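Residues per chain, in single letters:
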Amino acid sequence: MGAMECNYIVWIPHYGLGNRIVSLVSSFLYALLNDRVLLVHVPDELTDLFCEPFPGTSWVLPSDFPVHNFQNFDKDTPQSYGNMLRDKVISNDMRFSANATFPAYAYLHLPWYYNEWDKLFFCQDAQQMLRKFPWLLLKSDHYFVPSLFLVEEYDDELRRLFPERTTVFHHLVRYLLHPSNTVWGHVTRYYHAYLAKADKRVGIQIRNLKNEPVPFETLLGQIVTCSSKEGILPSIDPRHPARPAEDDAKVKAVFTTSLDSGYSDRIRDMYYEHATTTGEIVGVYQASHEVEQRTEQQNHNIKALSEITLLSFSDVLITTACSTFGYVAQGLGGLEPLILTKPWKSKLPCRWAKSPEPCFLIPPPADVCRDHGGINKKMTQHVRQCEDENGGIKLFD
Ligand code: GDP
């Protein structure tokens, strides 16, 4: 490439808003490490969610960009790095070649259902070879930053950028993502109406997936038991059910988020019908209950981002295991949440996260780079199993 030419990475949105934010942030770090310009494909449903982060320029991929069919890019796309490697269109040895010809771009296929070829992306040999492509198009639904820390040649720069590994996502997400005025309007109106005047704010992010549901009463039980056992919310007082509130009683505002209104209704009723053992007053609020995930609708996404932001203002945060919606809230707030565990994965109903870092839920296998440049061994003690997912990896100090 000539000295004046830029290299680019084009981010392609995939799945829900939390997935999109963690993968966008990961792509941004990848761009920083490789001196690439980050451009984002903004479909209609993502308009007016975020401000432009870089002064005097736009990160939006221009509408006359010659490639359009982004939503069709997937595991079978012939231009994917993995497929081109498998089909011998490219090889990682081309990193040494001064005059090899490369396709116009490579598509990096990194969603959870990526295959063993795609996973080689995380190896040093691939990283060096991919630098020969001025255009990379990337689709992921995960926070893949922990695996970038395992690439040896990024070590120096990552140490300089992030002396503390447990605040990587916090810094990146706050640097990159700023809510639009529309989102900020939702956030500030709601905050001042319901949360600002409380003595303490507790956020509870409740995500019950349709494809692997936790029974309603089980999840509600986890929330009530864990929040009282960990001293986050007071227990109800069976001995003095009729005790009136004191004028100077402390007020806790609980902000819940869920697609369903049932959890919030039950917790609110509990504190409406009973006095608490501490004499505190507990108000329970939920901004929306959208019933279904509707990522293709802009207004739905505006509510989702507003609620993620409101959760980030909590003094104490409770999240649901393995949810990127919760990861973004904890990252924006710099909070170490109490995680509600999946009953089939853990004997304990909840456990504290050690940092605000998200988990890379579906990383490549630990030995993926054995024959492809190895990994940065100094980092292995800092990239370890997540609190909420045994197979996932996350950054630790
Ligand atoms: P994940 O699936 O839990 O990792 O989180 P994502 O954010 O990627 O996808 C879930 C999507 O469902 C969100 O982006 C929202 O569109 C919707 N959703 C899930 N929970 C809530 C919620 O509590 N409030 C709102 N407004 N939307 C939600």
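All values reported here derive from a predicted model rather than from experimental measurement. For every chain, the first residue of its written sequence is number 1, and the numbers climb from 1 along that sequence. It should be noted that, the model being predicted, local features are given only for residues of pLDDT at least 70 and side-chain atom pairs only at 80 or more, the latter also being counted only at that level, while totals for whole chains, interfaces and linings use all residues. Each side-chain value is derived from all of the structure's non-hydrogen atoms; neither hydrogens nor water enter the calculation.

*Asks:* Explain the state of the cysteines residue by residue, including any values.
*Replies:* We call a pair of cysteine sulfur atoms a disulfide whenever their separation is within 2.5 Å. For the structure on display, the rule yields 3 disulfides. Paired by a disulfide, Cys226 and Cys350 hold their sulfur atoms 2.2 Å apart. Torsion about the S-S bond of the Cys226 and Cys350 cystine: about -105°, corresponding to left-handed handedness. Within this pair, whereas Cys226 is found in helix 9 (residues 216–229), its partner Cys350 is found in strand 10 (residues 350–352), the two being separated by 124 residues in sequence. Think of it in three bands: residues with accessible area under 20% of the maximum for their type are buried, residues over 50% are exposed, and the middle band is partly exposed, with areas taken using a 1.4 Å probe on protein chains only. The exposure class of Cys226 is buried, given its relative accessible area of 1%. By relative accessible area, which is 7% here, Cys350 ends up buried. Sulfur-sulfur distance for the disulfide between Cys359 and Cys386 comes to 2.0 Å. Note on conventions: DSSP H or I runs of at least 4 residues are helices, E runs of at least 2 residues are strands, and numbering of each starts at the N terminus.

*Asks:* I'd love a proper account of helix 11 (residues 298–312), names of residues and values included.
*Replies:* Compared with an ideal rise of 1.5 Å per residue, which puts 15 residues at 21 Å, helix 11 spans 21 Å between its outermost C-alpha atoms and is within 8% of the ideal. With 12 of 15 residues buried, helix 11 lies mostly within the body of the structure. Burial in helix 11 covers these residues: His300, Asn301, Ile302, Ala304, Leu305, Ser306, Glu307, Ile308, Thr309, Leu310, Leu311 and Ser312. How far a helix is expected to stretch is found by multiplying one less than its residue total by 1.5 Å.

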